[in-house]
Structure formats: structure tokens, C-alpha cells
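A closer look at the structure
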Amino acid sequence: MITQDQKDLIKATVPVLKENGVLLTTHFYKRMFAHNPELKNVFNMGNQQNGRQQTALAMAVLAYAENIENPAVLMPVVDGIGQKHVSLDIRPEHYIIVGEHLLASISEVLGAAATPEIIDAWGVAYTQLAQIMSGHETHLYNKQVQKKGGWTGWRPFIVKEKIAESTEITSFHLYPSDGGPVASFLPGQFISVRLFLPELNLLQPRQYSISSAPNGLYYRISVKKETSGNLNPDGMISNRLHDFVNQGDLIDVSAPTGSFTLKTENDHPVVFISGGVGQTPLISMLEELIRSGSKKPKTWIHGCRDKNVHAFKDVIEYWAGEKKAINKHIFYNEIGDETTNEDLYEGWVDLNVLGNELIAPNTEYYICGPAPFISKHYKELVNKGISKDFIHFEEFGPQTLNLN
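Since the model is a prediction, treat every value here as computed from it, not as a measurement.

About the cut-offs
The residue numbers shown here count from 1 along each chain, following its written sequence. For a predicted model such as this one, the threshold for reporting local features is a pLDDT of at least 70, and the threshold for listing and counting side-chain atom pairs is 80 or more; totals across whole chains, interfaces and linings nevertheless cover every residue. With hydrogens and water set aside, each side-chain value is computed from the structure's full complement of heavy atoms. The pairing test for Phe, Tyr and Trp rings, Trp by its six-membered ring, is centres within 6.5 Å, and the orientation test on the planes gives stacked under 30 degrees, edge-to-face over 60, and tilted for anything in between. In DSSP terms, a helix is any run of H or I states spanning at least four residues, a strand is any run of E spanning at least two, and both are numbered starting from the N terminus. Each residue is assigned to one of three classes by its accessible area relative to the maximum for its type, calculated with a 1.4 Å probe on protein chains only: buried under 20%, partly exposed between the two thresholds, exposed over 50%. Two conditions define a charge sitting above a ring: the NZ of Lys or the CZ of Arg must be within 6 Å of the ring centre, and it must be within 35 degrees of the ring normal. In a helix, the anticipated span is given by 1.5 Å times the number of residues less one. The criterion used for residue contact is that any of the two residues' heavy atoms lie within 4.5 Å. Polar contact criterion, stated in full: a pair of N or O atoms within 3.5 Å, where within protein one must be able to donate a hydrogen and the other to accept it, and residues adjacent in sequence count only if both atoms are side-chain atoms. Strands are labelled as partners when DSSP assigns at least two bridges between them. Here the axes come from fitting lines to C-alpha atoms, over the contacting stretch only for helices, and the angles between their N-to-C directions go from 0 to 180 degrees. In this scheme, roughly parallel covers angles under 35 degrees and roughly antiparallel covers those over 145, while 65 to 115 is roughly perpendicular and the rest are oblique. Residues are grouped as follows: nonpolar covers Ala, Val, Leu, Ile, Met, Phe, Trp, Tyr, Cys and Pro; charged covers Asp, Glu, Lys and Arg; every other residue, Gly included, is treated as polar. The term salt bridge refers to a pairing of a side-chain nitrogen on Lys or Arg with a carboxyl oxygen on Asp or Glu at a separation within 4 Å.

In the structure shown here, the tally under the stated rule is 13 aromatic pairs. Look at Phe185 and Tyr219: their rings are 5.9 Å apart centre to centre, the planes differ by 75°, and that puts the pair in the edge-to-face class. Taken together, the residues span a long stretch of sequence, with Phe185 in the loop between β2 (169-176) and β3 (190-197) and Tyr219 in strand β5 (residues 219-224) at a distance of 34 residues. Here the aromatic rings of Phe260 and Tyr366 are separated by 6.2 Å at their centres, their planes lie at 65°, and the arrangement is edge-to-face. One end of the pair, Phe260, is in the loop between β6 (250-253) and β7 (270-275); the other, Tyr366, is in strand β11 (residues 364-368), with 106 residues separating them in the sequence. For the pair formed by Phe260 and Tyr366, the shared burial category is buried. Taken together, the ring pairs connect Phe28, Tyr29, Phe33 and Phe43 into an aromatic cluster. Positioned above the aromatic ring of Trp151, the side-chain terminus of Arg155 is 4.8 Å from the ring centre. Note that Lys160 overlies the ring of Tyr175, its terminal NZ or CZ placed 4.7 Å from the centroid.

Okay, structure coming up:
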């Protein structure tokens, strides 16, 4: 049990964490992978390369130190991290390794400032945090196996269909190789896919939103091919799926998880706002609403470069046109020779050009796209008077946005 004196010591390190948190976590990851290189097969090395994992951990450690008197207020954050951990098959033994290297890193980075009392306090505090995290994750694992067709860890799936949705995005229909049922999921959730990357000589996990409504037979993921000349491992996995994974191939898949999910307990209007491949979890939500016959008013707002990279264009037009199930507003950076109409706009997604009828109390807003895209529209909705409780967003990768 952590004492009040130890809590005070933890709180006293907050200024240091604010100034040197990323330095600390960067040192920590280098140390851990040097001593435990096997963990490179567990952690997403793309997030190491781009620095997002170091930033996310620094923010989490700081938040824990700031709330050491009442860590229960961090449960939404704990749940978000726990959902990612479960998808990566993180287990209690991993917390022991992380704790060892985190405490050693605090001592090495802080030097003489890391007194034995501070190290002892952080040791007790980390043990408390690890118990909170692993306890919550045990609960999530138990929920997984209680589902029909549920499992934990990695399960082989077969790629039965590979469908080009645009010049950049391809969908993969994944069926259990054992012929058994697939676990149900909530629209908006994701799975992890694990592939061997010869370039790194490592197994690497990558999370992809499920881009279809639950169907009991398969999961669909829709993957963007990365064209950058300097790919990190995330891009390598996406491109390996595009270039080397074909119909009939087997890949490892984790059970669906994630806390960015469709709210179905009310009849509030819904507005989906997406940029690029960020539409994938929102497509799952929208398809479920249409499939279930929901009477919620539904608005689809999407932005991408042009019609060639616009995935799911035809089905959205069908739902908006023949089905008359949704209102749609599409933004292209370049319209080109595309016939203009009342729901096609040139430029970046701009809610202001759509009028104020979309800004209404009790409307639920779902945002997904690059981090700057999410921040822009989240802040704009708040400035227009929308309660934060009605704005839901998904940031792909480690959580680095602090908007709530």
C-alpha cells in the first residue's frame, strides 16, 4: 500500500516529468529493447520509430503522477490502453519487465535527483498501477472468451477475399481457418493483425478497424497502401498486406476490442466526420445503423484527395441515393472533372460550409482521421456549443491527443 509520504514524493516529480517525460520514456524503451529484444515482436516498432509511443507513455506516466491521490479518475484512460494491450496479447509478466526497466530508467535519467526514497515510492506506485492495469485487462480477456467464438491471443484467419476499394485502399475479408464462428463486436472496434516482416526479421502487430457491420462470419479490414519512400513498420505491414498477402493466405488475428463504439441506446441524430482511411470504423457504424433499420437521422461527411482514392464511394452513394438512408457531404482536395453537385465540395472538410442545421443539441458526432483533423473538428464543434460528451473520436495508434 502506498503511503501518503510516498504519494507526496510522486507528486513532487511532476515538474520533472513535464519537462523530461519524453526523454525518460525514450531512454526506457531503448533500455528495455536492449535487455529484452524479444519484446520487439510484441511492441509496434512503427510507433517507436515515429516517437508516438514514447509521447503516449510520457503522458500516461505524468497523468498517473498528477492523480496519484485518486487514480480511479484515470479509468477511461486505463480502459483505452487496456483495450490496446488486450489486442496485442499483453500479459501480467510483461508488466514485471516494464517495471524493472522503468525504475532503472528513472534512476539513470534523473541521476542524483533520483534518491532511494523516490525510487522506492515509484516502485510502490508502479506496482499499484500494474495491478490496476492487469486487473482491468484480465476482466477484458474474460469477456472475450465468454463470447460465442471468442478467444484471446492470436488465432489464424484465412483471407477469402481481397477487394480493391480505391487506388489506395484494399479490403481483406478474414475468416477463421478452423471454420468456427467469429466473436461478435461493437461497430467501431478494431482487430490486430500480426505478420512477419523480413526487413526487420520480426513479427509485428498492427491494429486495423473492422470496416463492416457484425455478420457472424468474417471480419473485414480496409487497408491503405503507404507510398512514402521512408516507411516505418506500420507502413511495411500495410504494404505487405497489399503486395504479398493474397486469397487463401493465413494471418494471425486478435479478437475485436476497442472503446470507440457506436452508441445505440438512444435515437439521437448521428454525424460521421472522417478524413481518408479514417472512415473505416465509421463505415462499420453506419452499415450497422442501416442494416438494423435505425430511424436515427444519419449524416456522412468525408474528405479525401480525389475520386480515385475515395473508398466506399459507390455504397455511400447508394445509401444516400436509392436507399435515401443518409445525407452525405463529400470534400475532395481536387474535384478535377468530377461533376459537381450539391453534396460535393472542393477543399478540406469544412463544417462551416454545410450550414448550422448539423449543429444541434443531442446530436452524436463521431470523428476519425489524422490527429490534426480530429483536433480541428473537435474544437470547432465545442466552439459551436456542442457538449464534449456528444463528441466521440478515434486516434489511430497510441493515444497522444488530450482533448477531453
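Moving on, we get to helix α4 (residues 52-66). Taking 1.5 Å of rise per residue, the 15 residues of α4 would be expected to cover 21 Å, and the 21 Å separating its terminal C-alpha atoms lies within 8% of that figure. Buried within α4 we find Gln54, Ala56, Ala58, Val61, Leu62, Tyr64 and Ala65. Against α1 (4-12), α2 (14-35), α3 (45-49) and α7 (116-146) lie the buried residues of α4.

Moving on, we get to the environment of Ser171. Mapping Ser171 onto the fold places it in strand β2. By relative accessible area, which is 0% here, Ser171 ends up buried. Between the C-alpha atom of Ser171 and that of Phe244, which follows or precedes it by 73 residues, the distance is 14 Å. In this view, Ser171 contacts Glu161, Lys162, Ile163, Glu165, Arg220, Ile221, Ser222 and Phe312; residues no more than four positions away in its chain are not counted. Within the structure, Ser171 has its side chain in polar contact with the side chain of Ser222 (distance 2.6 Å).

Right, let's talk about the pairing of strand β9 (residues 327-332) for a bit. Counting buried positions along β9 gives five out of six residues, so the element sits mostly inside the fold. Here strand β8 (residues 298-304) pairs with β9 via six bridges, running parallel. Each residue of the ladder has a partner; that of Cys304, found in β9, is Tyr332. With three bridges joining them, β9 and strand β10 (residues 344-346) adopt parallel strand pairing. Across the sheet, Ile330 pairs through a bridge with Leu344, a residue of β10.

Quick look at the packing of α4 against α7 now. Where α4 contacts α7, the two axes come as close as 12 Å, and the packing angle between them is 105°. Looking at the two axes, α4 sits roughly perpendicular to α7. Here α4 contributes Val61, Tyr64 and Ala65 to the contact with α7, which in turn contributes Trp122, Ala125, Gln128 and Leu129. The residue makeup of the contact of α4 with α7, split by class, is six nonpolar, one polar and no charged.

Before going further, it helps to examine the pattern of salt bridges. Applying the stated rule across the entire model yields 14 salt bridges. Lys11 is paired through a salt bridge with Glu69; the nearest N and O atoms lie 2.8 Å apart. Residue Lys11 is located in helix α1, and its partner Glu69 is located in the loop between α4 and α5 (75-87); the two are separated by 58 residues in the primary sequence. Exposure remark for Lys11: the relative accessible area of 32% places this residue in the partly exposed category. Taking the shortest distance from any N to any O, the salt bridge between Lys376 and Glu380 comes out at 3.7 Å. Here Lys376 pairs with Glu380, and both are found in helix α11 (residues 371-383), just four residues apart, close to one helical turn. The class for Glu380 is buried, based on a relative accessible area of 16%. Each of Lys7, Asp8, Lys11 and Glu69 takes part in a single network of salt bridges with overlapping partners.

Spatial ordering of the open sheet is given by β4-β3-β6-β1-β2-β5, a layout of six strands whose pairing is antiparallel. The open sheet has two edge strands with one neighbour each: β4 (202-209) and β5. Across this sheet, the average inter-strand angle for adjacent strands is 40°, counted without regard to direction. Sheet topology places strand β1 (residues 155-164) next to β6; four bridges connect them, and they run antiparallel. Within β6, the residue paired with Phe157 across the bridge is Ile251. Its contacts with the sheet put α5 on β3 and β4, and the angle it makes with β3 is roughly 45°. Packed on one face of the sheet, helix α8 (residues 233-244) meets β1, β2, β3, β4, β5 and β6 and runs near 80° to β4.

Following the sequence through the fold, Ile2 ends up in the segment before α1. Judged by relative accessible area, Ile2 falls into the buried class, the value being 8%. Distance in space between the C-alpha atoms of Ile2 and Tyr126 is 10.0 Å, their sequence separation being 124 residues. Residues within four places of Ile2 in sequence aside, it is in contact with Lys7, Ile68, Ala121, Val124, Ala125 and Gln128.

The values are spatial; any link to function lies outside them.
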